[in-house]
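Tertiary structure, described
These are the residues of each chain, in order.
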Amino acid sequence: MNIGEIFNQNGRLTGSIATRTIDLPRIGLRKVDSENDKAPVYEILALNVARRWVQVGALWEAASKRTGEVFLAGNIDDPSLPEPLPVALFPADHGGYMVAWRRDTMRSDFGGSMGVSRTNYDDRGVRDQGGFGDSTAGSNGELTDAAGAFGEEDPF
């Protein structure tokens, strides 16, 4: 599904992305200069509410194993989004890119490294806190059950 378009305007790659719930009326791609093979090719920038450019994603070069077609793949992510928006950019005849939403699935033609998101944001409930352990705050806010006394120097 196409969700946007990037144009090459005076040497700058700018455009927009829109879905049912996301509207980025002005985005840009900034080339990343790096000698690291794992570095992205472009950073994805968007204008925030204060009209400042902020980074909201990155794009890496990818190729279809089946056809050899070269395209850009990455994610748009922001604290305001419930989860990252996976995108693929395909070269367009006008010198820019067509932006397509891509479902994260196991796809052998694109390397098979993507997993399926099973998050349902309408039914989130309480989740495991990721191994941070129990609180050291008592009912009145006092420090309880801590490994070291309050005020001791941290070991790192």
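Everything below is about the structure shown above.
Here goes a summary of the coordinates provided. This is a predicted model, so every value here is computed, not measured.

1. Some words on the pattern of salt bridges
Considering all chains together, one arrives at 1 salt bridge under this definition. Linking Glu-43 and Arg-30 is a salt bridge whose minimum nitrogen-to-oxygen distance equals 2.5 Å. With Glu-43 in strand E4 (residues 42-47) and Arg-30 in strand E3 (residues 23-31), this residue pair connects regions lying 13 residues apart in the sequence. Overall, Arg-30 belongs to the partly exposed group, its relative accessible area being 42%.

2. A closer look at the environment of Val-70
Mapped onto the fold, Val-70 is located in strand E6 (residues 70-76). Once the C-alpha coordinates of Val-70 and Pro-91 are considered, the two residues, 21 residues apart in sequence, prove to be 8.5 Å apart. Beyond its immediate stretch of four places on either side in the chain, Val-70 contacts Glu-61, Ala-62, Ala-63 and Pro-91.

3. With respect to the sheet that holds strand E5 (residues 53-63)
Within a sheet, adjacent strands bond to each other through the backbone by hydrogen bonds, running parallel or antiparallel. Spatially, 8 strands are ordered E1-E2-E3-E4-E5-E6-E7-E8 in a closed barrel, and the strand pairing comes out antiparallel. Taking each pair of neighbouring strands and ignoring which way they run, the sheet shows an average axis angle of 30°. Relative to strand E8 (residues 97-101), strand E7 (residues 85-91) runs antiparallel, the two sharing 5 bridges. The partner of Pro-91 across the bridge, within E8, is Tyr-97.

4. Topic: the nonpolar core
Here is a general trend for soluble globular proteins: nonpolar side chains tend to be buried in one another's company. By size, the foremost hydrophobic cluster in this structure holds 22 residues, and its most contacted members are Leu-29, Ile-76 and Leu-89. Elements that contribute at least two residues to this core include exactly strand E1 (2-9), strand E2 (12-18), E3, E4, E5, E6, E7 and E8. Those residues within four positions of Leu-29 in sequence are excluded, and the remaining contacts are Ile-6, Leu-13, Tyr-42, Glu-43, Ile-44, Leu-59, Leu-89 and Tyr-97.

Cut-offs applied
Residues numbered from 1 in each chain as written. Predicted model: local features only at pLDDT ≥ 70, side-chain atom pairs only at ≥ 80, totals over all residues. Heavy atoms only, no water. Salt bridge = Lys/Arg side-chain N within 4 Å of Asp/Glu carboxyl O. Helix = DSSP H or I, 4+ residues; strand = E, 2+ residues; numbered from the N terminus. Buried < 20%, exposed > 50% of the residue type's maximum accessible area, 1.4 Å probe, protein only. Contact = heavy atoms within 4.5 Å. Pairing = 2+ DSSP bridges. Axes fitted to C-alpha atoms, helices over the stretch in contact; angles between N-to-C directions. Core = buried A, V, L, I, M, F, W, Y, C linked by side-chain atoms within 4.5 Å.

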